[in-house]
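Residues per chain, in single letters:
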Amino acid sequence: MTIDVVTIFPRMFFPVLDESIIKRAKAKGLVKINVHDLRKFSQGKHKKVDAPAYGSGGMVFRPEPFFTAVEEILGEPVRSRPKSQALRRVILFSPQGRRLDQKSVKKFLKYEQLILLAPRYEGVDERVHKYLADEEISIGDYVLSGGELAAMVFIDCLTRLIPGVVSDSESVKNESFENNLLDFPHYTRPENFRGLKVPEVLLSGNHKKIKEWRLKQAVEITKKKRPDLLK
Ligand code: SAM
């Protein structure tokens, strides 16, 4: 899978993309991530990407640099794209978007290429929402200063689902939100920490019992912390 990000702050991405799981996924060739500077796609000598909102308000990202960026990345005019069969998807980060969750992240695994648009300020000209983005994603009901962090959240939770990225594929299958459950509790050494003991069953070596205990715990925790998932 190839992920292209279009942003005015490419450097924000490097510390995140060059560490840990994402770094290894890139090194293994399981994902390719290109970060593009939006300003490079702006015409005019000052490379301006924003302008005051018509009708008053703050600064808004202009449509032209985003359209040009997507066209250059795709190598074809935006209007000629057969949306229905596309293996490539243009995603705009916006508080108005569909709220990201584990189920919706998985849906993106089928694409060959994802182009992520990360605006700032008051947001981006409505024509980008309407005519350039295939979909809009929100990472939660709060307002960030820009789409960069949202794009990084998206890249992180998607990349770890790409087969081969997380070495223990079983651990991904048992994670929170799988089967509408939260994760079960995890314990490690020492067995007794300041009088707080690890549940006996985990020390028993009886894998069947451990499995049953974990499922029961996951159900209890979900009932208590996120009953909405069980509905
Ligand atoms: N005027 C916009 C509004 O009220 O909905 C907020 C703009 S926000 C300051 C700037 C940019 O941050 C947005 O265009 C979007 O790309 C990004 N952003 C902010 N909150 C977000 C969220 N919850 N999910 C995804 N992107 C977000």
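Residues numbered from 1 in each chain as written. Predicted model: local features only at pLDDT ≥ 70, side-chain atom pairs only at ≥ 80, totals over all residues. Heavy atoms only, no water.

K.L.:
Could you give an account of the layout of surface pockets, with specific residues and numbers?
P.N.:
Considered as a void within the structure, the largest pocket measures approximately 670 Å³ in volume. Lining the largest pocket are 28 residues, with Asn-174, Phe-184, Ile-210, Lys-211 and Arg-214 positioned closest to its centre. Looking at the lining of the largest pocket, the elements that each hand over two or more residues are helix H7 (169-173) and helix H8 (207-225). Examining the composition of the lining of the largest pocket, we find that 6 residues originate from one element, H8, more than from any other. (1 Å grid on protein atoms, 1.4 Å probe; cavity = no way out; pocket = protein on both sides within 12 Å on 5 of 7 lines; lining within 4 Å. Points joined across faces, edges and corners; volume = space filled by probe spheres on them. Helix = DSSP H or I, 4+ residues; strand = E, 2+ residues; numbered from the N terminus.)

K.L.:
Could you give an account of the side chain of Ser-138, with specific residues and numbers?
P.N.:
Topologically, Ser-138 is positioned in strand S7 (residues 135-138). The exposure class of Ser-138 is buried, given its relative accessible area of 3%. Not counting residues within four places of it along the chain, the set of residues in contact with Ser-138 comprises Ser-94, Pro-95, Gly-97, Arg-98, Arg-99 and Leu-100. (Buried < 20%, exposed > 50% of the residue type's maximum accessible area, 1.4 Å probe, protein only. Contact = heavy atoms within 4.5 Å.)

K.L.:
So, the packing of aromatic side chains: which residues are in play, and what are the values?
P.N.:
Across all of its chains, the model carries 5 aromatic pairs by this definition. With a centroid separation of 5.9 Å and 65° between ring planes, the pair formed by Phe-93 and Phe-154 is classed as edge-to-face. Taken as a pair, Phe-93 in strand S5 (residues 88-99) and Phe-154 in helix H6 (residues 147-159) lie far apart in primary sequence, 61 residues in all. Judged by relative accessible area, which is 0%, Phe-154 ranks as buried. Here a set of aromatic residues connected by ring pairs shows up, and it is made of Phe-93, Phe-108, Tyr-111 and Phe-154. (Phe/Tyr/Trp six-rings, centres within 6.5 Å; stacked < 30°, edge-to-face > 60°.)

K.L.:
Tell me what's going on with empty space enclosed by the protein, and back it up with residues and numbers.
P.N.:
Enumeration over the complete set of coordinates arrives at 1 cavity of 30 Å³ or more. Of the voids in this model, the largest cavity is the one considered here, and its volume is about 50 Å³. Lining the largest cavity, in full, are Arg-98, Arg-99, Leu-100, Ser-104, Lys-107, Phe-108, Glu-135 and Ile-137.

K.L.:
Tell me about the pairing of strand S6 (residues 113-117), residues and numbers included.
P.N.:
Here is the key point about a regular strand: its side chains alternate between the two faces of the sheet. Buried residues dominate S6, accounting for 5 of its 5 residues. Where burial is concerned, the two faces of S6 agree: the one with Gln-113, Ile-115 and Leu-117 and the one with Leu-114 and Leu-116 are both buried. As defined by bridge partners, strand S1 (residues 2-7) adjoins S6 across 5 bridges and the pair is classed as parallel. In the strand pairing of S6, Val-6 is matched with Leu-117. Where S5 lies against S6, 5 bridges are found, and the strand directions are parallel. When the sheet's bridge partners are listed, Arg-89 is paired in S6 with Leu-114. (Pairing = 2+ DSSP bridges.)

K.L.:
Would you mind going over unusual backbone geometry in detail, with residue names and values included?
P.N.:
Along the chain, Arg-189 connects to Pro-190 via a cis peptide bond; the corresponding omega equals 5°. The topology assignment puts Pro-190 in the loop between H7 and strand S8 (192-193). Unusually for a residue other than glycine, Asn-179 sits at a positive phi of about 55°. You can see Asn-179 is positioned in the loop between H7 and S8. Owing to a relative accessible area of 67%, Asn-179 belongs among the exposed residues under this scheme.

So, to be careful, I would describe these as geometric facts and stop short of saying anything about function.
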